[in-house]
Amino acid sequence: MFLGLDLGTSGLRGLLVDASGSPIEDASSSYSVSNPNDGWSEQDPAAWIDACKDVMSQLRSKAAKALSNVNGIGISGHMHGAVTLDQDFKVIRPCILWNDTRSAIEAAELDADPQFRKLSGNIVFPGFTAPKLAWMAKNEPELFERVANVMLPKDYLVYWLTGSVASDMSDASGTSWLDVGNRQWSETLVSATKMTMTQLPALHEGSERVGTIRQALADEFGLTAHTSVVAGGADNACAASGIGAFDEGQGFVSLGTSGVVLVARDSYAPEPASAVHTFCHAVPDKWYQMGVSLSATDSLEWLAENLGSDAANLSSLLPAKASGPCPILFLPYLSGERTPHNDANIRGAFFGLAKTTDHRALTQSVMEGVSFSLRDCLDALRSTGCNPASLIAVGGGSKSDFWISTLANTLGMPIQIPEKGDFGAALGAARLAMIGAGDKSPADVMVLPVIERVIEPDQALVPLYERAFQKYRKLYQAVKDI
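Computed from a predicted structure; not experimentally measured.

Caption draft 1: Representation of the packing of helix H2 (residues 104-111) against helix H4 (residues 129-139). Where H2 meets H4, the axes come as close as 8 Å, and the angle between the chain directions of the two elements is 115°. The handedness of the crossing between H2 and H4 is right-handed. Between H2 and H4, the contacting residues are Ile105, Glu106, Ala107, Glu109 and Leu110 on the first element and Ala130, Pro131, Ala134, Trp135, Lys138 and Asn139 on the second.

Caption draft 2: Up close: the nonpolar core. Counting 82 residues, the largest nonpolar core has Leu5, Leu12, Met56, Ile73, Leu223 and Phe252 as its most contacted members. Here the element with the most residues in this core is helix H1 (residues 45-68); it accounts for 10 residues. Those residues within four positions of methionine 56 in sequence are excluded, and the remaining contacts are Leu3, Leu5, Leu67, Phe221 and Leu223. With 48 residues, the next largest nonpolar core counts Leu329, Ile346, Leu391 and Leu461 among its residues.

Caption draft 3: Quick peek at the packing of aromatic side chains. According to the stated counting rule, one finds 17 aromatic pairs in the structure shown. Aromatic pair phenylalanine 89 and tyrosine 159: ring centres 4.9 Å apart, planes at 20°, arrangement stacked. With phenylalanine 89 in the loop between strand S6 (83-85) and strand S7 (95-96) and tyrosine 159 in helix H6 (residues 153-162), the pair connects residues that are 70 residues apart, well separated along the chain. On the basis of an interplanar angle of 55° and a centroid distance of 6.2 Å, the ring pair of tryptophan 160 and phenylalanine 221 is categorised as tilted. Here phenylalanine 221 lies in helix H9 (residues 215-221) and tryptophan 160 lies in helix H6, a separation of 61 residues in the sequence. The buried category is assigned to tryptophan 160, whose relative accessible area is 14%. Since its relative accessible area comes to 2%, phenylalanine 221 is described here as buried. Grouping aromatic residues by their ring pairs yields a cluster made of Tyr333, Phe372, Phe469, Tyr472 and Tyr476. A cation over a ring is seen here: arginine 102 above tryptophan 135, with NZ or CZ 4.8 Å from the ring centre. A cation over a ring is seen here: lysine 286 above phenylalanine 246, with NZ or CZ 4.6 Å from the ring centre.

Caption draft 4: Seen up close, the state of the cysteines. This model, assessed by the stated rule, comprises zero disulfides. Cysteine 386 supplies the cysteine sulfur nearest to cysteine 377, a cysteine that is in no disulfide, at a spacing of 12 Å.

Caption draft 5: Molecular detail of helix H10 (residues 235-243). Burial analysis of H10 places eight of its nine residues in the buried class, which makes it a mostly covered element. Restricting attention to buried positions, one finds in H10 the residues Asn236, Ala237, Cys238, Ala239, Ala240, Ser241, Gly242 and Ile243. Once H10 ends, the next one or two residues include glycine 244, with phi positive near 85°.

Caption draft 6: Main features of empty space enclosed by the protein. Under the criterion given, the structure shown has two cavities of 30 Å³ or more. Volume-wise, the largest cavity comes out at about 70 Å³. Around the largest cavity, the lining is made up of 15 residues, and of these Thr101, Pro126, Leu294, Glu337 and Arg338 lie nearest the centre. Its residues placed into classes, the lining of the largest cavity shows five nonpolar, six polar and four charged. In this structure, the second largest cavity encloses a volume near 40 Å³. Forming the walls of the second largest cavity are Thr129, Val150, Leu152, Asp155, Ser167, Thr175, Trp177, Trp185, Leu200 and Pro201. Its residues placed into classes, the lining of the second largest cavity shows six nonpolar, three polar and one charged.

Caption draft 7: Focus on unusual backbone geometry. For the bond from threonine 339 to proline 340, the omega torsion is 0°, close enough to zero to count as cis. Looking at the element boundaries, proline 340 is found in the loop between strand S20 (329-331) and strand S21 (349-351). Positive phi values are uncommon outside glycine, yet alanine 275 reaches one of about 65°. The topology assignment puts alanine 275 in the loop between strand S17 (259-265) and strand S18 (277-280).

Caption draft 8: Highlighting the layout of surface pockets. The volume enclosed by the second largest pocket comes to roughly 210 Å³. Around the second largest pocket, the lining comprises 16 residues; the ones closest to its centre are Ser20, Gly21, Leu427, Arg431 and Val447. The set of elements that each furnish at least two residues to the lining of the second largest pocket consists of helix H15 (425-436) and helix H16 (442-445). For the lining of the second largest pocket, the leading source of residues is H15, giving three residues. Of the residues belonging to the lining of the second largest pocket, the class tally is nine nonpolar, three polar and four charged.

Caption draft 9: Local environment of the side chain of serine 295. Counting through the fold element by element, serine 295 comes out in the loop between strand S19 (287-293) and helix H11 (297-306). Taking the relative accessible area as the measure of exposure, serine 295 reaches 0% and is therefore buried. Not counting residues up to four positions away in its chain, the partners in contact with serine 295 are Thr257, Pro332, Leu334, Ser335 and Val370.

Caption draft 10: Region of the structure containing the environment of leucine 329. By the secondary structure assignment, leucine 329 is in strand S20. C-alpha of leucine 329 to C-alpha of leucine 353: the two residues are 24 residues apart in sequence and 8.6 Å apart in space. Beyond its immediate sequence surroundings of up to four residues, leucine 329 is in contact with Ala349, Phe350, Phe351, Ser365, Phe372, Ala468, Lys471, Tyr472 and Leu475.

Caption draft 11: The pairing of strand S1 (residues 2-7), seen in detail. Of all six residues that make up S1, six are buried, and the element is covered over most of its length. In S1, alternate side chains face the same way, and those of Phe2, Gly4 and Asp6 on one face and Leu3, Leu5 and Leu7 on the other are all buried. Across six bridges, S1 lies against strand S2 (residues 11-17) in antiparallel orientation. Within the sheet, the bridge partner assigned to leucine 3 lies in S2 and is leucine 16. As consecutive antiparallel partners, S1 and S2 are separated by three residues.

Caption draft 12: Fine view of the sheet that holds S17. Taking strand neighbours across the sheet as the criterion, the seven strands line up as S18-S19-S17-S16-S22-S23-S24 in an open arrangement whose pairing is mixed. Strands with a single pairing partner mark the edges of an open sheet, and in this sheet they are S18 and strand S24 (451-455). On average, adjacent strands in this sheet sit at an angle of 30° to one another, irrespective of strand direction. Pairing between strand S22 (residues 391-394) and strand S23 (residues 415-418): two bridges, direction parallel. Considered in S23, the bridge of isoleucine 392 is made with glutamine 416.

Reading the values: the criteria
Residues numbered from 1 in each chain as written. Predicted model: local features only at pLDDT ≥ 70, side-chain atom pairs only at ≥ 80, totals over all residues. Heavy atoms only, no water. Axes fitted to C-alpha atoms, helices over the stretch in contact; angles between N-to-C directions. Helix = DSSP H or I, 4+ residues; strand = E, 2+ residues; numbered from the N terminus. Left-handed = near helix turned anticlockwise from the far one by under 90°. Contact = heavy atoms within 4.5 Å. Core = buried A, V, L, I, M, F, W, Y, C linked by side-chain atoms within 4.5 Å. Buried < 20%, exposed > 50% of the residue type's maximum accessible area, 1.4 Å probe, protein only. Phe/Tyr/Trp six-rings, centres within 6.5 Å; stacked < 30°, edge-to-face > 60°. Lys NZ or Arg CZ within 6 Å of the ring centre and 35° of its normal. Disulfide = S-S within 2.5 Å. 1 Å grid on protein atoms, 1.4 Å probe; cavity = no way out; pocket = protein on both sides within 12 Å on 5 of 7 lines; lining within 4 Å. Points joined across faces, edges and corners; volume = space filled by probe spheres on them. Nonpolar A, V, L, I, M, F, W, Y, C, P; charged D, E, K, R; others polar. Pairing = 2+ DSSP bridges.

Here it is in C-alpha cells:
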C-alpha cells in the first residue's frame, strides 16, 4: 500500500492506494485561513499537524489493515508559503501563504535584478517565497533575525513526520531561490535576499526517499517503523502526476481555489515576460509550465457567501450547456492576479450590472470571468511555444457542465472529462511514493486516466466568446488605469 497526503489551502486529504495505484480509502480534515489585513493570507502550521493526525485517525478506523501495509508516503502541498523556524525548529510566525500579496514592493525590487529571471526562469511574484522573507527583513526585523530555517508548507509536514529537513525540485521552483534549469539552489539568488544556503533544506527529486516515519507517529497511526517518506511535490506538480501529465504537451485545466492551465514539457523553456511559471516537475528530467489565476472557485465561493447561498446552489441555477456569453463582465481579481498581469494591486469588478441582474446572471458572469482569466493563461503558454491540443478538466469547478462548456468555448479546444475517480494531487503524491518506495518507474506510474466524455467547443458560439474575451481584456486596462 501507498499513502498520498495533499496539504491544501483549506484542508488536508489522505488517499490510500494499493500497489496498482487504485484507491482503497480516503479521509480529509479542514482548517481555516486568516486574513488579518487586505491582501494578507496566513495559516498556523500547527493546524496542518492537527489535520494530519485527524486524517490518519480516520484512515486507521476505516482501513487499519491496509494502513499497516503502507510501504511509502508522499506529500503534496500548496506552494510558495514561508514557514519560518528558529534554531530549535520552533515556528516563528504564522506561515505567509501563496495568495498573500503584502510583499509586492519587495517582489518588484528583486525582479528588477536581472539575475532572478535569468536563473529562476520566472518573474519574482509577490506570492513567491523569497520576497516574503525580504518583507520580513524590512517589516519584522526582530523575527527575521531569528530565522534559522525556511521550509515550504509540505516540507514542514515532512519534517514533522520524519525529522528530515528536505524539499523537492518542484516546490523549490516557486521560491525564486532555485536555478530551475540546473535543478539546484542558486547562491546568487539566496544571498540577494540576505539569506544563506544553510537556512534552506536539502534538495531531492520528488520521488526520492528522504527518511522514515518517526517511531512515535508510526505507533500512533498504525504504520510500521520502516515506512518510507519521499520528498513529495508541489500541489500542481502532484496534480500533473495524478492526471498523468508527464510527456510533452500533456496537460490539464484546474478549477480549484485558484485556476491553473498546466502543460508538461520535456525540456526547460522559460519565458518570464509572459508571467508563465516554468517549474521543475516532481520527477527527474521533466519540467512543466503553467498559468495561474488566483481566484477561480474562490470567486464563486465569494459570490455565494455575499448572496447568502452556497456554490452548489448557485451552480444549479445554470443549464448544462452554455448558449452564449453574459452581458455582465466579471474580473476575478479578488486577490490580485498572476498570469499574465503579475499585478498584486488590481482588484475585481462587475461591469454592466442592470436592474434586471439576478443571482443567475451574476453566477454566469463569475464563471465566464474565471474562464476568460484561464484563456489569458493559455495565450501566455502559447507564447512560449507550448500548444496543447486538448486539456483534461480537474478540480471542484469541473463538476459544473455549464462551466466546462463555457471553458471549451472560451479556450476554443476540447475539454476532456475523466471517469469518476481520484486524479488529484493526493494520487500524484501516492504515485511518487510508489516510485520511491516501490519498484515502479515514472513512466509506469504516470498514466493518463480513462476519459469518460469530451466537451467540444460550439463553433457557432466561439466567435461570441472571443468578442466577450476581448472586451474582458480591455476592462482590465480600464480598471487598472483608475
